[in-house]
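Residues per chain, in single letters:
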Amino acid sequence: MNIQLPVVVWTVICFLLLMLVLRNLLFKPVLALLDERKAKTAAAQKKKAQEQKLIEEHEKRLAIIEEDAKIQRANYIKSELEIIRVSSKNDIEKAKSSRLEKIEACKEATEKEKEDIINSFNSSREDIIKAFADRIISA
């Protein structure tokens, strides 16, 4: 095997020309595409991180809102129960006073009937005594 210098020189020159052409036509565009893709990926990851942060903030706000809603519901229920309690208490007081008035009215009616019965009895007794006295006198 014999090394031929002109063939080696032309091979090296052709190789360098091929590398120059490939660098300009293949390597630079491919590297540019890879860099662009890397930049897009980094931007997408950054955007994803920002969106995740927003989601976490919204979840925290939602938790606060839910807690406030629970407190408001509890306060509303307490106020409604208080209104019902006061209303019931007033209704009970009205019912008690109404019953007391009815009891008083019944007592007064009973006393009046009692007096009427006593007066009727006294009147009947006097009539019986007069009739008895008239019989004794007339006999």
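Residues numbered from 1 in each chain as written. Predicted model: local features only at pLDDT ≥ 70, side-chain atom pairs only at ≥ 80, totals over all residues. Heavy atoms only, no water.

Colleague: Hey, could you run me through the overall build of the protein in this one?
Modeller: A count of helices and strands for the protein gives 1 helix and 0 strands. Scaling as 2.2 N^0.38, a compact globule of 139 residues should have a C-alpha radius of gyration of about 14 Å, whereas the protein reaches 58 Å, well beyond that. Projected onto the principal axes, the alpha-carbon positions of the protein cover approximately 190 × 25 × 20 Å. Across the 139 residues of the protein, 0% fall into the buried class. Total accessible area on the protein stands at roughly 13,300 Å², and carbon and sulfur atoms take up 64% of it. (Helix = DSSP H or I, 4+ residues; strand = E, 2+ residues; numbered from the N terminus. Rg over C-alpha atoms; globule rule 2.2 N^0.38 Å. Buried < 20%, exposed > 50% of the residue type's maximum accessible area, 1.4 Å probe, protein only. Areas by Shrake-Rupley, 256 points an atom, 1.4 Å probe, with all protein chains shown as cover.)

Colleague: Explain a negative patch on the surface here, please?
Modeller: Together, Glu 111, Glu 113, Glu 115 and Asp 116 make up a region of like negative charge exposed at the surface. In this structure, Glu 115 sits in helix α1 (residues 5–138). On the basis of relative accessible area, Glu 115 is assigned to the partly exposed category, the value being 47%. (Patch = residues over 30% accessible without salt bridge, like charges linked within 9 Å, V, L, I, M, F, W, Y side chains within 5 Å. Salt bridge = Lys/Arg side-chain N within 4 Å of Asp/Glu carboxyl O. Lys, Arg positive; Asp, Glu negative; His and termini not counted. Charge placed at Lys NZ, Arg CZ, Asp CG, Glu CD.)

Colleague: Help me understand the pattern of salt bridges in this model?
Modeller: Where charged atoms from two side chains of opposite charge come close, those side chains can pair. Inspection of the entire model under this criterion finds 2 salt bridges. Between Lys 40 and Glu 36 there is a salt bridge; the shortest N-O distance is 3.4 Å. In this pair, Lys 40 and Glu 36 are both assigned in helix α1, 4 residues apart and thus about one turn of the helix distant.

Colleague: Even after reading the chapter, I still don't get α1, so can you show me in this structure?
Modeller: Given 3.6 residues per turn, any residue in an α-helix points the same way as the ones three and four places further on. Taking 1.5 Å of rise per residue, the 134 residues of α1 would be expected to cover 200 Å, and the 189 Å separating its terminal C-alpha atoms lies within 8% of that figure. Of all the bends found along α1, the most pronounced is centred on Arg 23 and spans about 45°. (Expected span 1.5 Å × (residues − 1). Bend = angle between axes of the 7 residues up to and from the residue.)

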